[in-house]
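Close look at the chain arrangement
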Amino acid sequence: METTLFHQITWAWIALAAVTFAYLLRRNAPYGRHVQAGWGPTIPNRLGWFLMEFTVMVVFLMALLWEKRPISTMVWVLSGCFLLHYLNRSLIFPLRLRTAGKRMPLIIALSAIGFNLMNGFLLGYCFANFVDYRSDWWTDARFIGGQALFWIGLAINWHADHILIRLRKPGSTGYAIPQGGLFKWISCPNLLGEMIEWTGFALMCWHLPAFAFMIWTIANLAPRAIAHHRWYKATFPDYPAVRSAFIPFLV
Ligand SMILES: NC(=O)c1ccc[n+]([C@@H]2O[C@H](COP(=O)([O-])OP(=O)(O)OC[C@H]3O[C@@H](n4cnc5c(N)ncnc54)[C@H](OP(=O)(O)O)[C@@H]3O)[C@@H](O)[C@H]2O)c1
């Protein structure tokens, strides 16, 4: 594929993220606590997470390796960060969830698969065909700063997901007010961590598909964090007033 066409497709994909963001600010994605009747057939929650998130690794690796070009160490390092996140999200995270009997609409799983197919393809194809990192990229401020942000975001995301998962006893499905770590100041550190992570990834990759992925992540998760925060305040009368949705003291 020509570079120009690839960039046009990626820009169109970014435009769609902006539309999705506007939509999600008005309507909550109907899974987890926001699940509602009327979204068609459903599938078990755990299976949904596996299907949604495993696809991205398959497509990413196919796009990266399809044409059998030599892959530089730098590209392997960047790809390794991406794959590590998705190994956790598709295999470990769903197995740890305390989500007995919960289901999600099939349409949500399918739309997340579509989202992941596109991002996995754009990233893998770009790494395979359009990037050529200079040898001094290892010491470039964008790579070093991006790495720092990526690992900080990953740590925040994993830690907060761990606290949330352990709020429930095995077999129960209710909700409680989370405590500890960044929950002191915000309702959704897991979602903030994920947004920081992919911002760091975009910086260290420094190509359009990685920025598209960052924008999509923010478009999905910022409205979800706002919706979760609103839900906490409406559900728990004693919800800590100091907490914001996902940016301390701001949003
Ligand atoms: N990159 C992206 O675009 C993207 C998109 C979506 C999600 N993600 C990531 O996927 C992960 C999960 O997302 P999510 O939206 O499902 O997160 P979430 O709503 O915070 O839920 C995470 C898990 O903890 C449980 N949980 C949350 N709050 C709880 C509470 N107060 N009491 C008891 N249990 C609670 C949830 O149960 P229930 O499911 O029963 O509510 C779920 O099993 C996050 O790390 C997020 O960053 C990424």
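Right, let's walk through the structure included here. (Residues numbered from 1 in each chain as written. Predicted model: local features only at pLDDT ≥ 70, side-chain atom pairs only at ≥ 80, totals over all residues. Heavy atoms only, no water.)

1. Description of the site of the ligand
Every one of the 26 residues lining the ligand counts as a neighbour, but Lys102, Asp161, Tyr175, Ala176 and Arg224 are closest to it. Between the ligand and Tyr175, the relevant distance is 2.5 Å, taken from an oxygen atom to a side-chain nitrogen or oxygen of the residue. Between an oxygen atom of the ligand and a side-chain N or O atom of Arg224, the distance comes to 2.5 Å. Within the complex, the protein chains bury 95% of what would otherwise be the 880 Å² of accessible surface of the ligand. It is helix 7 (residues 208-235) that contributes the most residues to the shell around the ligand, six residues altogether. Broken down by class, the residue content of the shell around the ligand amounts to 12 nonpolar, seven polar and seven charged. (Near = heavy atom within 4 Å. Polar contact = N/O pair within 3.5 Å; in protein donor to acceptor, adjacent residues only side chain to side chain. Areas by Shrake-Rupley, 256 points an atom, 1.4 Å probe, with all protein chains shown as cover. Helix = DSSP H or I, 4+ residues; strand = E, 2+ residues; numbered from the N terminus. Nonpolar A, V, L, I, M, F, W, Y, C, P; charged D, E, K, R; others polar.)

2. Digging into the packing of helix 4 (residues 106-129) against helix 7
Running from N to C, helix 4 and helix 7 point in directions that differ by 160°, and their axes come no closer than 9 Å. Judged by the angle between their axes, helix 4 and helix 7 are roughly antiparallel. Of the two possible hands of crossing, helix 4 and helix 7 adopt the one that is left-handed. Between helix 4 and helix 7, the residues in contact are Phe115, Asn119, Leu122, Leu123 and Cys126 and Pro209, Ala210, Phe213, Trp216 and Asn220, respectively. Considering only residue class, the contact of helix 4 with helix 7 consists of eight nonpolar, two polar and no charged. (Axes fitted to C-alpha atoms, helices over the stretch in contact; angles between N-to-C directions. Parallel < 35°, antiparallel > 145°, perpendicular 65-115°, else oblique. Left-handed = near helix turned anticlockwise from the far one by under 90°. Contact = heavy atoms within 4.5 Å.)

3. Things to note about the state of the cysteines
Evaluated as defined, the whole model comprises zero disulfides. Free cysteine: Cys126, not disulfide-bonded; nearest cysteine sulfur from Cys205 at 8.4 Å. Cys81 supplies the cysteine sulfur nearest to Cys205, a cysteine that is in no disulfide, at a spacing of 8.0 Å. The buried category is assigned to Cys205, whose relative accessible area is 0%. (Disulfide = S-S within 2.5 Å. Buried < 20%, exposed > 50% of the residue type's maximum accessible area, 1.4 Å probe, protein only.)

4. Digging into the side chain of Glu53
Here Glu53 shows up in helix 2 (residues 45-65). For the buried Glu53, which has no salt bridge, the nearest side chain bearing the opposite charge is Arg89, at an N-O separation of 5.0 Å. Leave out the neighbours within four places in its chain, and Glu53 touches Tyr86, Arg89, Ser90 and Asn116. (Lys, Arg positive; Asp, Glu negative; His and termini not counted. Salt bridge = Lys/Arg side-chain N within 4 Å of Asp/Glu carboxyl O.)

5. Focus on helix 1 (residues 3-26)
Under the 1.5 Å per step criterion, the end-to-end length of helix 1 is 36 Å for 24 residues, consistent within 8% with the ideal 34 Å. Of the residues making up helix 1, those classed as buried are Phe6, Thr10, Trp13, Ile14, Ala17, Thr20 and Leu24. Next to the buried residues of helix 1 lie helix 4 and helix 7. (Expected span 1.5 Å × (residues − 1).)

6. Structural notes on the side chain of Asn119
For Asn119, the position within the fold is in helix 4. The class of Asn119 is buried, set by a relative accessible area of 1%. Within the structure, Asn119 has its side chain in polar contact with the side chain of Trp13 (distance 3.0 Å). Excluding anything up to four places from it in sequence, Asn119 contacts Trp13, Phe213 and Trp216.

7. Some words on the environment of Ile186
Counting through the fold element by element, Ile186 comes out in the loop between helix 5 (141-165) and helix 6 (189-205). Here Ile186 falls in the buried class, since its relative accessible area comes to 1%. For Ile186 and Ile14, which are 172 residues apart along the polypeptide, the C-alpha to C-alpha distance reads 28 Å. The residues touching Ile186, leaving out its near neighbours within four places in the chain, are Leu192, Arg243, Ser244, Ala245, Phe246, Ile247 and Pro248.

8. What to know about the environment of Gln36
The residue Gln36 is located in the loop between helix 1 and strand 1 (42-44) in this model. Those residues in contact with Gln36, other than ones at most four positions away along the chain, are Arg27 and Pro30. Side chain to side chain, Gln36 and Trp39 meet in a polar contact 3.4 Å long.

9. Points about the nonpolar core
Leu78, Phe82, Phe127, Tyr133 and Phe201 are the most contacted members of the largest nonpolar core, which has 40 residues in total. At the level of elements, helix 1, helix 2, helix 3 (73-96), helix 4, helix 5, helix 6 and helix 7 are the ones that each hand at least two residues to this core. Setting aside its immediate chain neighbours within four residues, Phe127 contacts Phe60, Leu64, Val75, Leu78, Ser79, Tyr133, Phe201, Cys205 and His207. Membership of the second largest hydrophobic core comes to 12 residues, among which are Ile156, Met195, Leu221 and Ala225. (Core = buried A, V, L, I, M, F, W, Y, C linked by side-chain atoms within 4.5 Å.)

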